[in-house]
Number of protein chains: 2
Amino acid sequence: MTGTTGSVLLGPGDDAAVLAAPDARVVATIDLLVEGRHFAPGAEPRALGHKALAVNLSDLAAIGAAPKWALLAISLPQADDAWLKAFAAGFFALAERFGVDLVGGDTTRAPQRTITVTAMGEVPASVALYRAGARPGDDIWVSGELGGAALGLAHPEIADAAKRLHEPEPRVELGERLRGMANAAIDVSDGLAGDLAHILERSRVGAVIEYSRLPRSAAFKSLKNPDLERDCVLSGGDDYELLFTAAPARRADLEALARELGLPLTRIGTIQPGEARLAVLDAKGEAMRFKPGFDHFA
Amino acid sequence: MTGTTGSVLLGPGDDAAVLAAPDARVVATIDLLVEGRHFAPGAEPRALGHKALAVNLSDLAAIGAAPKWALLAISLPQADDAWLKAFAAGFFALAERFGVDLVGGDTTRAPQRTITVTAMGEVPASVALYRAGARPGDDIWVSGELGGAALGLAHPEIADAAKRLHEPEPRVELGERLRGMANAAIDVSDGLAGDLAHILERSRVGAVIEYSRLPRSAAFKSLKNPDLERDCVLSGGDDYELLFTAAPARRADLEALARELGLPLTRIGTIQPGEARLAVLDAKGEAMRFKPGFDHFA
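Residues numbered from 1 in each chain as written. Chains lettered and ligands numbered in written order. Predicted model: local features only at pLDDT ≥ 70, side-chain atom pairs only at ≥ 80, totals over all residues.

## Things to note about the pairing of strand β8 (residues 184-187) of chain A
Taken residue by residue, a regular strand's side chains alternate between the two faces of the sheet.
All names here are of chain A.
Line of reasoning, step 1. Both faces of β8 are covered, namely the face carrying Ala184 and Ile186 and the face carrying Ala185 and Asp187.
Line of reasoning, step 2. Bridge count for β8 against strand β10 (residues 242-246) is 4 bridges, and the pairing is antiparallel. By the bridge assignment, Ala185 is partnered in β10 with Phe244. (Buried ≥ 20, exposed ≤ 12 C-beta atoms within 10 Å, placed from the backbone. Helix = DSSP H or I, 4+ residues; strand = E, 2+ residues; numbered from the N terminus. Pairing = 2+ DSSP bridges.)

Have a look at this one:
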């Protein structure tokens, strides 16, 4: 019997991992990254190792789960020790930071590089954050800032934006702390508008948000390109911030939490009764047009 | 909150699945199948859906776990509803047979077709079947018959062998029933010799098996190709039988279990003290030479 921590009763190297889940509630998610689609050919492998795990931890955070375990499947054009070593360095640096054990893996040769991660964690079921929990009158909040990752794609020379794109920070602590405070949550992976639409559809509610309130990368100020800014902030993917709703009675608690975590939490709008429709208002209070979220088959 | 069964508190369509694991022990495994490597370009998608899940359920069976949940990530050259529908039919037919719920997924476009499945299940930790549990004096057993899948690759016109290759049957019931009976187990995915070597290495023991005792596909008899037969039976992958060790005191129990399940269980050799070395004896009692198992980077 091999174990790396108390929660891993049997680690990698057997047919499957055996994990102790004392809360008797397990959360699981899977994400597939494909070279040429989710990352550029020749992408820096250390950043890629970070990102492959980060996007999965972000999904767990959006449920309010504490991450615990991961499984990793990689296809590579050839056995490439240097690439794997750098990839592993990025993956494990993030894993260690959040106490995640790699408990299983599969590596195989294929013409194309692909990375699939399953991340697993735990959450008490009664306080898990579901997309379906938004209620009319809820405030709509978002963490951190938006549009940086999409800006990094358009302007790779802007270092802060490029870092947002290549090494996103999953909002793990925030997700856990939102248990019992937020009514619904999702992570911003396909763009604010598209991801908020998922909450609206599942919760059967509408929403109004104010464009001017949306927290955004400081780099937009000097760019003076309002169309790009709008596309990045409203419709840009890969930011991995948490978008959540909470009752107005929670405002003081959430402001205190933002201070405690050193992470801005911004109130951007309100959940409305009725149809699952999103209105984004400009500075004059008029509805703006915006692109829907990112489509992997677009 | 969406659920498909009592154990799925939150199913697909949210950021992650929330699963009830009342035993507080969760087993997880991941397998990646790549077109052109693990399956032929143009492979029949229904069989592929079956196989992608089967190879993962086989890993759970080798731990003695009851399968419960699966996550699926697919890359496809283009959105292809007919292919996905047939794939799903094969996947879900097997999933339903063993009570497995698909709780998460990710589909994306990529030049190459790849399929990654994470399967999860439950097992009481004290009776999980580890590779490291073999003891000197243990009998070595294998279920079903060997070599059929490799024969199906060499002779696709032999229907029984081709079916073994394309639609393997995971030994799920056997795995669960071996709890508390077997001391060590593994599934035969890379070939008998290679997979037995994993048990020997992890258990720090040796083994002697008798080639003539190995149960094998009836098709070999008429082929009269002893070299191919030896390579398929000793070193052929993809059979997904269970290879396990048990104390001699368990023989009557295991014979009764074989009758109950309608699945042959054959005693093929003995675990030895000392070095992790495998000897395969021919009819004269002399050591045979054989190929090691399948290497995905070969």
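## Looking at the relation of the copies chain B and chain A
Line of reasoning, step 1. Taken as rigid bodies, chain B and chain A are interconverted by a rotation of 180° and an axial shift of 0.0 Å, the fit giving an RMSD of 0.0 Å. Accordingly, the operation relating the two chain copies is best matched by a two-fold axis. Minimal C-alpha separation from the rotation axis in chain B is found for B:Ala24, amounting to 2.3 Å.
Line of reasoning, step 2. In this assembly, 100% of the residues forming the interface of chain B have copies in chain A that are likewise at the interface, indicating an isologous arrangement. (Least-squares fit on C-alpha atoms with pLDDT ≥ 70 in both. Contact = placed C-beta atoms within 7 Å.)

## Quick notes on the nonpolar core
Line of reasoning, step 1. By size, the foremost hydrophobic cluster in this structure holds 185 residues, and its most contacted members are A:Val27, B:Val27 and B:Ala70.
Line of reasoning, step 2. Top element by residues in this core is helix α1 (residues 45-63) of chain B. It accounts for 11 residues.
Line of reasoning, step 3. Aside from chain neighbours lying at most four places away, what touches B:Val27 is A:Ala16, A:Ala17, A:Val18, B:Leu60, B:Ile63, B:Ala65, B:Met120, B:Gly121, B:Glu122 and B:Val123. (Core = buried A, V, L, I, M, F, W, Y, C linked by C-beta atoms within 7 Å.)

## Let's talk about the sheet that holds strand β12 (residues 278-281) of chain B
Residue and element names in this part refer to chain B.
Line of reasoning, step 1. Taken together, 6 strands build an open sheet; the order of strands is β8-β10-β7-β11-β9-β12 and the sheet is mixed. Across the chains shown, the open sheet's two edge strands, defined by having one partner strand only, are β8 (184-187) and β12. Sheet twist, expressed as the average angle between the axes of neighbouring strands with direction ignored, equals 25°.
Line of reasoning, step 2. Where helix α6 (residues 192-203) meets the sheet, it contacts β8, β9 (206-210), β10 (242-246) and β12, and its direction lies at approximately 145° from that of β8. (Axes fitted to C-alpha atoms, helices over the stretch in contact; angles between N-to-C directions.)

## Focus on the interface of chain B and chain A
Line of reasoning, step 1. Listed as interface residues are 55 residues of chain B and, on the opposing side, 55 residues of chain A.
Line of reasoning, step 2. Here the side of chain B that touches chain A gets 9 residues from one element, more than from any other, and that element is strand β3 (residues 25-34) of chain B.
Line of reasoning, step 3. Grouping the amino acids of the side of chain B that touches chain A by side-chain chemistry returns 35 nonpolar, 10 polar and 10 charged.
Line of reasoning, step 4. Here 4 bridges tie strand β3 (residues 25-34) of chain A to strand β2 (residues 17-20) of chain B, and the two strands are oriented antiparallel to one another. Following the sheet pairing, A:Arg25 is matched in β2(B) by B:Ala20. (Nonpolar A, V, L, I, M, F, W, Y, C, P; charged D, E, K, R; others polar.)

## Focus on the pairing of β12(B)
Residues and elements named next belong to chain B.
Line of reasoning, step 1. Going residue by residue along β12, you find Leu278 and Val280 tucked away on one face and Ala279 and Leu281 left uncovered on the opposite face.
Line of reasoning, step 2. One ladder, built from 4 bridges, connects β9 with β12; its direction is parallel. For Glu210, the partnering residue across the bridge sits in β12 and is Leu281.

## Comments concerning the sheet that holds strand β9 (residues 206-210) of chain A
Backbone hydrogen bonds are what pair the strands of a sheet, in a parallel or an antiparallel way.
Residue and element names in this part refer to chain A.
Line of reasoning, step 1. Overall, mixed pairing links the 6 strands, which are arranged β8-β10-β7-β11-β9-β12 in an open sheet. On the outer flanks of this sheet lie β8 and β12 (278-281), each paired with one strand and no other. Across the sheet, the mean angle from the axis of one strand to that of its neighbour is 25°, orientation sign disregarded.
Line of reasoning, step 2. Against the sheet, helix α9 (residues 251-261) makes contact with β7 (139-143), β10 and β11 (265-272), and its axis sits at roughly 150° relative to β11, the strand it touches most.

## A closer look at the environment of B:Leu192
Residues and elements named next belong to chain B.
Line of reasoning, step 1. Mapped onto the fold, Leu192 is located in helix α6.
Line of reasoning, step 2. Looking at Leu192, the number of C-beta atoms within 10 Å reads 29, which means it is buried.
Line of reasoning, step 3. For Leu192, the contacting residues outside a window of four places in its chain are Leu146, Val233, Leu234 and Leu243.

## A look at the domain arrangement of chain A
Residue and element names in this part refer to chain A.
Line of reasoning, step 1. Assigned domains within chain A: domain 1 (24-126) and domain 2 (129-281).
Line of reasoning, step 2. Between the C-alpha centres of domain 1 and domain 2 there is a distance of 23 Å.
Line of reasoning, step 3. Listed by partner, the interface residues are 17 residues for domain 1 and 18 residues for domain 2.
Line of reasoning, step 4. When residues of the side of domain 1 that touches domain 2 are traced back to their parent elements, those giving at least two are α1 (45-61) and β4 (66-76).
Line of reasoning, step 5. Tallied by class, residues from the side of domain 1 that touches domain 2 come to 12 nonpolar, 3 polar and 2 charged. (Domains from an automatic or database assignment.)

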